[in-house]
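The primary structure of each chain is shown beneath.
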2 protein chains.
Amino acid sequence: MIIEKVLIVDPVDGEYCGSVEIEDGVITKVEKKDSIPNKILMPGFVDTHTHGYLGIDCMSASPKEFEKWADIVLGDGVTTLFPTTVSSSKEKLEKVIESFSKTEHPSFSYLHFEGPFINKEKAGAQNKEYITNFSKEKLPDLKDKVKIITAAPELRGFKELIKFTKDNDIKISLGHSNGTFEDFKDAYENEVRRITHFPNALRKFHHREVGGIGAAFTFDFYVELIVDNVHLSKEFVKLVYKIIGPERIILVTDSISAAGLKDGIYELGGVLVKVKDGIAKTEEGTLAGSTLKFIDAVKNFKQITNCSLKELSMVSSYNALKSVSIHGGRIKEGYPAKLLLLDENLDLIKVL
Amino acid sequence: MIIEKVLIVDPVDGEYCGSVEIEDGVITKVEKKDSIPNKILMPGFVDTHTHGYLGIDCMSASPKEFEKWADIVLGDGVTTLFPTTVSSSKEKLEKVIESFSKTEHPSFSYLHFEGPFINKEKAGAQNKEYITNFSKEKLPDLKDKVKIITAAPELRGFKELIKFTKDNDIKISLGHSNGTFEDFKDAYENEVRRITHFPNALRKFHHREVGGIGAAFTFDFYVELIVDNVHLSKEFVKLVYKIIGPERIILVTDSISAAGLKDGIYELGGVLVKVKDGIAKTEEGTLAGSTLKFIDAVKNFKQITNCSLKELSMVSSYNALKSVSIHGGRIKEGYPAKLLLLDENLDLIKVL
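The structure presented is a predicted model; accordingly, all values stated were derived computationally and were not measured.

Asks: Is there a simple way to explain the environment of Ile-265 of chain B in this structure?
Replies: Mapped onto the elements of the fold, Ile-265 of chain B is located in strand E15 (residues 264-268). Along the primary structure Ile-265 of chain B and Ala-280 of chain B are separated by 15 residues, whereas in three dimensions their C-alpha atoms are 9.1 Å apart.

Asks: Is there a simple way to think about the sheet that holds E15 of chain B in this case?
Replies: Backbone-to-backbone hydrogen bonds join strands into a sheet, with any given pair of strands oriented parallel or antiparallel. Residues and elements named next belong to chain B. Strand order in the open sheet made by the 3 strands is E15-E16-E17, with antiparallel pairing throughout. Every interior strand has two partners, whereas the edge strands, E15 and strand E17 (279-282), have only one. Neighbour-to-neighbour, the strand axes of this sheet turn through a mean angle of 35°, independent of strand direction.

Asks: Just to check I follow, could you spell out the sheet that holds strand E2 (residues 14-23) of chain B for this structure?
Replies: All names here are of chain B. Read across the sheet, 6 strands follow the order E3-E2-E1-E4-E18-E19 without closing on themselves; strand pairing throughout is mixed. Each end of this open sheet is capped by a strand with a single partner; those strands are strand E3 (26-32) and strand E19 (348-351). In this sheet, neighbouring strand axes are inclined to one another by 40° on average, regardless of whether the strands run parallel or antiparallel. Inspection of the sheet shows strand E1 (residues 2-10) paired to E2 by 7 bridges, in the antiparallel sense. Its bridge partner being in E2, Ile-2 is matched across the sheet by Glu-21. Running at roughly 35° to strand E4 (residues 39-43), helix H8 (residues 309-322) makes contact with E1, E2 and E4 of the sheet.

Asks: What is the right way to read the relation of the copies chain A and chain B from this model?
Replies: One copy of the chain maps onto the other through a rotation about an axis followed by a shift along the same axis. The transformation that overlays chain A on chain B combines an axial shift of 0.0 Å with a rotation of 180°, and the residual RMSD is 0.0 Å. With respect to symmetry, the two chain copies, as superposed, fit the operation of a two-fold axis. Comparing contact sets, 100% of the residues at the interface of chain A also lie at the interface in chain B, consistent with an isologous, same-surface contact.

Asks: Please explain the pattern of salt bridges as it appears in this structure.
Replies: Oppositely charged side chains are able to pair whenever their charged atoms sit close together. All names here are of chain A. Evaluation of the coordinates by the stated rule reveals 22 salt bridges over all chains. For Asp-13, the salt bridge goes to Arg-330, with nearest N and O atoms at 3.2 Å. With a gap of 317 residues between them, Asp-13 in the loop between strand E1 (2-10) and strand E2 (14-23) and Arg-330 in the loop between helix H8 (309-322) and strand E18 (339-342) connect regions that are remote in the sequence. Since its relative accessible area comes to 9%, Arg-330 is described here as buried. For the salt bridge of Arg-194 with Glu-224, the shortest nitrogen-to-oxygen distance reads 2.7 Å. Of this pair, Arg-194 sits in strand E12 (residues 194-195) while Glu-224 sits in strand E13 (residues 222-225), and the two are 30 residues apart along the sequence. Here Arg-194 and Glu-224 have matching classes, each one buried.

Rules behind the numbers
Numbering of residues starts from 1 in every chain and runs along the sequence as written. As a convention, the first chain written is A and the first ligand written is 1, with the rest following in written order. Whole-chain, interface and lining totals are the exception, using all residues; otherwise, since this is a predicted model, local features are given only for residues with pLDDT of at least 70 and side-chain atom pairs are given and counted only at 80 or more. Side-chain descriptors were evaluated using all non-hydrogen atoms of the structure, hydrogens and water having been removed beforehand. Only runs of H or I of at least four residues qualify as helices and only runs of E of at least two qualify as strands under DSSP, and these elements are numbered from the N terminus. Strands pair, by our definition, only if DSSP identifies at least two bridges between them. Geometry is summarised by axes, namely lines fitted to C-alpha atoms with helices restricted to the contacting stretch, and by angles between N-to-C directions that run from 0 to 180 degrees. Note on contacts: a residue pair qualifies if any of its non-hydrogen atoms lie within 4.5 Å across the two residues. When the copies are superposed, the least-squares fit draws on C-alpha atoms of residues that have pLDDT of at least 70 in both. By convention in these notes, a salt bridge is any Lys or Arg side-chain nitrogen within 4 Å of a carboxyl oxygen on Asp or Glu. Type-normalised accessible area, obtained with a 1.4 Å probe on protein chains alone, sets the label of each residue: buried when under 20%, exposed when over 50%, and partly exposed for intermediate values.

The following block contains the structure:
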């Protein structure tokens, strides 16, 4: 297949007019051509943090439901997603892995385990009953199906978790943490490079203990951002764009099963969640994930920061994959042909 | 007088070897020369925020005491200081102006009024009894002796204060404020360009209301910093250096009358202050100014940020004067010859 007369948007080479050839799902040729493009061609969106969609919940989805989920969000431009668990029992997590292992969908490779090795004080909407310190025995056989584990660096067992994840080719993402600057610095020095839904469920920034927020402003962490204009103010998003920069931002939805559905009462890992005006909260009023569509996160980010399309391809695709050492997110020979055609308003025309 | 074979440190032209000629207190010639310098020549330090020193308190100092104070800190390299009041009665403030008006010392030009138009919720160590909204009648005749007024932008009367300060060639410095990002943004748009002892006594930074801290990270405010390793952690100072930059940082001491004296019980505007291990706190445990020497603030800043000498001359002299539109803080023809000779450890050799 040849895609012609498009504005090619690559996170490294930038924006230019040209054509792209695809064979067997791989980009075989990219050519720069002087022409007036009529569409934008971007790498497919990658969502590394999503708990569910349209009534489907990662914690209970059957293989068919997982695939239906992937199909639905593909319609919003998400060509790779990491279904995300919440803190739960070993048995329940084992069942998630079993079910996910049986899926066959090009959008799936791995799960994201958000917890259970997080800090109860920063549980957010997670069920505290299942939150615990790390030990290998508390995890089921991961069957090479987990790529990200969100964990708090200040917890006992974190050093062992670092070893375990290195041995098993898994990336730690720091989150749900009351950790200090030193805790985050230590993790960084141990090659941890990711922070989960920054800075939600982190210790507050203080001028005498700058915490994980200060660490993210200091070191080269990748940071997940929920840009739904609810979790974060626009001014905060602008500051992250200015201070951390588009090279380190990863847009995520953190969507829950209520996403795409009407307001009402839903469930997240055994915790009741009330959705009103599209905003999901626990009974205590804590934000409990989002009902955000990925394409809206992309549009919001563009609108808030006025970033370039090149930068938009970084934050919506390339960085997410790079943060977990997966080859992709570029429009270049040899890369997987997971591509999106968009119009100038960033409305999706076609997923390739 | 000719000063030869020195490393000239200018906040604009940078660092170079050369000689400087002085006549009648003014720099008349600066010459670049290829030689090996044996000393550092920097602009004299400027402290825009200091309540007292060695038992002398701005609120009660006689003209003689004011002059003694200026003489003492001159020995630490401070060639310009702005004695700083705290929130007090109109009568008391009037007496301070009267006394200050009678001084004759080259280090003096203006006072800094810290309050009384600040937010009670962010009073810090200030006496809440005297904190109030602005109206012209609440101020004594300032006799052109006040250059800076620290005020909270969220208070009633702030718009009138802006008008009053513009009419009287006074600069507002935002501080002791619970103001939001919008409050600070509005002030910025009304040409306010300064923040007092950032971010002490400001609203905490939050990702849904980034407040004055977020505004300082967003706009080009000058920020006073108390770099005594007590008010701010080293990581925070590093972040301010990275995000706001040396072009906008103003080192201040915020020293109180206990500075240079032994630990004990002191007073600040009618509030009892206990000094232990050099740290001044109210009975409630709130930090109450410092016992910092300016030269130590300079050394601390250099040690924490590893900044250049050029940058050090910005944060210790030039920015402070620029923030209040006063000509000075440079080593260049036509500038006042307020200069310091220092050795390579930044120990003061001589004040010129």
